Amino acid sequence: MQIFDTGDVQLHYRVDGPEDGAPVVFANSLGTDMRLWDPILPLLAPGLRIIRFDKRGHGLSSCPPAPYSMGSLITDTERLLDHLNVRNCVFVGLSIGGMIAQGLAVKRLDMIRALVLSNTATKIGTRDIWAERIAGVEQHGIESLADGIMQRWFSDDFRATPDLALWRNMLTRQPDAGYAGCSAAISHSDFMTPTSGLRLPALGIAGSEDGSTPPDLVREMMDLIPASKFKLIRRAGHLPCVEQPQEYADILNDFLASVGHIPKQKG
Ligand SMILES: O=C(O)CC1=CCC(=O)O1
């Protein structure tokens, strides 16, 4: 566990793996912290330099008052990766993390060799949806939104398991201001035009039961990037790295091999 002061916020981050390993950066979703990636990390190819962080207002990072702009979330990430001398990484972003990924790739292509855009879109939701969520969290707290969020995050089958409590607790322990702040950033973001200019290897991942960024929305975004790939994970909602970790990791390992980040997989 380490902390980096960007000048605006203190970001909690963690680096695993050898310092000279091929860098893979993970950016997680609204209402989750970096532990989102715990289920898949042991299943990834060995030797990678894995970088994770809690965006502002989440996890152990500091929590400035809401609202936040998408630009500030992108700049936070850029400063952290500059601090860690990251170049040519594969950047894996899920949901709002995927929006940060799109923005960072437009701004700093030198940092990013390839993109994985998981359960995300060029635009997520509408201004009205986000205004309602921000009002809900500001007036009644994140707990008041939690049941609806669990329905979008997870399939019916997963919601019937005891593990649901872990992820619900993760959500409800995020600061209200952090949730509202990032919701405002999403509300004002539309990456349609910048993302259509991206030219780099890219993979889209969708969950068949995703109530927030359904597969067609993810596919639509990937169609903007020539020669991109798309994978659909069945029996999973918005967080397929939690529900189907082996399949998610297999897809990532194949993609890492296809861009030369790890040796080609056998078989
Ligand atoms: O709808 C949700 O709660 C899921 C979500 C939307 C943006 C994000 O990062 O997560």
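As the structure is a computational prediction, the values presented were derived from the model and not from experiment. (Residues numbered from 1 in each chain as written. Predicted model: local features only at pLDDT ≥ 70, side-chain atom pairs only at ≥ 80, totals over all residues. Heavy atoms only, no water.)

**Section: the pattern of salt bridges**
Operational definition: Salt bridges are defined by distance alone: a side-chain nitrogen of Lys or Arg within 4 Å of a carboxyl oxygen of Asp or Glu. Secondary structure counts use DSSP, requiring at least four H or I residues in a row for a helix and at least two E residues in a row for a strand, with both numbered from the N terminus. Only protein chains enter the area calculation, which uses a 1.4 Å probe; residues under 20% of their type maximum are buried, those over 50% are exposed, and those in between are partly exposed.
Inspection of the entire model under this criterion finds 15 salt bridges. A salt bridge links D8 to R79; the shortest N-O distance between them is 3.0 Å. Here D8 is found in the loop between β1 (2–5) and β2 (10–16), whereas its partner R79 is found in helix α1 (residues 70–83), with 71 residues between them in sequence. Accessibility expressed as a relative area gives 53% for D8, which makes it exposed. Note on R79: relative accessible area 32%, which makes it partly exposed.

**A word on helix α4 (residues 146–153)**
This is how it is decided: Each C-beta atom gives one direction from the helix axis, and the arc is the one those directions make. Residue contacts are counted whenever heavy atoms from the two residues lie within 4.5 Å of one another.
Here α4 has its buried residues at A146, I149, M150 and W153. All buried residues of α4 fall inside an arc of 105° around its axis, so they share one side. Turned more than 90 degrees away from the buried face of α4 sit D147 and Q151, all of them exposed. At its buried positions, α4 is contacted by α5 (156–159), α6 (164–172), α7 (176–187) and α10 (240–243).

**Remarks on the site of the ligand**
Here is the rule: Being near a molecule or strand, for a residue, comes down to having at least one heavy atom within 4 Å of it. Any pair of nitrogen or oxygen atoms within 3.5 Å is treated as a polar contact; in protein, a donor-acceptor pairing is required on top of that, and neighbouring residues in sequence qualify only through side-chain atoms on both sides. Here the Shrake-Rupley method, with its probe set to 1.4 Å, supplies the accessible areas, and only the displayed protein chains count as covering residues.
Residues in close proximity to the ligand total 13 residues, the closest being L30, S95, R133, R152 and S212. The contact in question runs from an oxygen atom of the ligand to an N or O atom on the backbone of I96, over 3.0 Å. Burial of the ligand by the protein chains amounts to 100% of its free accessible area of 290 Å². Residue assignment for the shell around the ligand shows that the elements contributing at least two residues are α3 (127–140), α4 and α7. Looking at the shell around the ligand element by element, the count peaks at 3 residues for α4.

**Regarding the UniProt feature "domain: AB hydrolase-1" (unreviewed entry) in the protein**
Definition in use: UniProt positions are given in the numbering used here, feature names are shortened, and annotations may be inferred rather than shown by experiment.
Residues annotated in UniProt with the feature "domain: AB hydrolase-1" (unreviewed entry) correspond here to residues 24–250. Taken as a whole, residues 24–250 contains 42% helix and 15% strand, while its terminal C-alpha atoms sit 15 Å from one another.

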